[in-house]
Amino acid sequence: MPRPPTAVPPPPWPPRPRWHHATADLPRQPALRERHLLAATDSLHALLAQPRCALGVFVPAGLHPARAERRQLDQIARAGADLFEIGLAHHDAGLDGPVIQAAYRRALSRGNVLARALRAVEHAAGLRPTVVMTYWDPVHRHGPEHLARLLADAGAAGAMVVDLPDDQAERWQAAAKDANLSTPRLVPRHLADTGLATVAAGASGWLYAPASTGPTGYRGPLDVPALADFTTRLRAASPLPVVSGVGISTPALAERVAPLVDAVVIGTPVVRALMASPEQAPALTTAFAQVLYPYATTETRA
């Protein structure tokens, strides 16, 4: 007999305090800064160590004015998001499909891209463990060491550079490690075992196994057996949690992928709602959350 909703345990991590603008003082308080940074990475580790599959939600930073964006993040968290991926807008998002590219263009048109992203990270990290998604070009322009420190000070637990060049991986990993920032890696499915082992050795936080080999926003069928084989290879190569996204366009697909991974990330379905009808994003999040954790309610996730 199914458990009643009242039997659901509370979330396994305590609510994180909001950072407000206290991060500006952290460089002058090294011990306090270290505790904040370690708390961010610990919360991500605790989440992905749970026996159930977590739900991540991708939100491009700067898509809406700051007040509206904070309200949307609050609503998505209450609706069932276990973690946030905050996207740093980029003009040449070649691994993304048309919906996320359009969202990035809108964010870029508003200007102050990095400042808006840091504000979004700061707010999201006060709600749920938060990882930043970016391309290498912004990392290179701002400087890996400088950007890693800014993201960590804003509360990010990690940052995933989706097109990290092989010849820059060591520098980025060193910069992130110095900032106490984890470095999840997107792992292409075509990699041979030797290449996979190299990528895994330089990763921390998680390994990202795309559910589809296409760009984000793919809405066709998924080859779940192929994904299962790939996640098996990843787990043989590394003890890191495995996270999947790209092409998980419906709750039914999320339910099929969930047994294979430690977290499912949804992006384009929520971004499409945020672009056209932001009020629909929370209900969409809940629909995905319910198939991953059927007895979860918005009250247990507040």
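Up top you'll find the structure we're talking about.
Quick look at the structure, then. Just so you know, these numbers come straight off a predicted model, no measurement behind them. (Residues numbered from 1 in each chain as written. Predicted model: local features only at pLDDT ≥ 70, side-chain atom pairs only at ≥ 80, totals over all residues. Heavy atoms only, no water.)

### Considering empty space enclosed by the protein
In this structure the tally under the stated criterion is one cavity of 30 Å³ or more. If you add up the space inside the largest cavity, you get close to 30 Å³. The wall of the largest cavity is formed by Gly62, His64, Pro65, Ala66, Glu69, Arg116 and Arg119. Elements supplying a minimum of two residues to the lining of the largest cavity: helix H2 (66-79) and helix H4 (113-125). For the lining of the largest cavity, a count of residues per class yields two nonpolar, two polar and three charged. (1 Å grid on protein atoms, 1.4 Å probe; cavity = no way out; pocket = protein on both sides within 12 Å on 5 of 7 lines; lining within 4 Å. Points joined across faces, edges and corners; volume = space filled by probe spheres on them. Helix = DSSP H or I, 4+ residues; strand = E, 2+ residues; numbered from the N terminus. Nonpolar A, V, L, I, M, F, W, Y, C, P; charged D, E, K, R; others polar.)

### Some thoughts on the nonpolar core
Ranked by internal contacts, the top residues of the largest apolar core, which has 95 residues, are Phe84, Ile86, Trp172, Leu181, Trp206 and Val264. Broken down by element, this core gets its largest block of residues, six residues, from H4. Not counting chain neighbours up to four residues away, the residues in contact with tryptophan 172 comprise Trp136, Val139, Pro144, Ala148, Ala159, Val161, Leu164, Leu181 and Thr183. (Core = buried A, V, L, I, M, F, W, Y, C linked by side-chain atoms within 4.5 Å. Buried < 20%, exposed > 50% of the residue type's maximum accessible area, 1.4 Å probe, protein only. Contact = heavy atoms within 4.5 Å.)

### Points about the side chain of threonine 231
For threonine 231, the position within the fold is in helix H9 (residues 224-237). If near-sequence neighbours (up to four positions away) are discounted, threonine 231 is found in contact with Ala209, Val242, Leu260 and Val261.

### Some remarks on the packing of helix H3 (residues 98-109) against helix H11 (residues 268-276)
In the contact formed by H3 and H11, the axes pass within 9 Å of each other and the chain directions differ by 45 degrees. Compared by their axis directions, H3 and H11 come out oblique. The crossing of H3 and H11 is left-handed. Residues Val99, Ile100, Ala102, Ala103 and Arg106 of H3 form the contact with H11, whose own contacting residues are Thr268, Val271, Arg272 and Met275. Looking at the contact of H3 with H11, its residues break down into six nonpolar, one polar and two charged. (Axes fitted to C-alpha atoms, helices over the stretch in contact; angles between N-to-C directions. Parallel < 35°, antiparallel > 145°, perpendicular 65-115°, else oblique. Left-handed = near helix turned anticlockwise from the far one by under 90°.)

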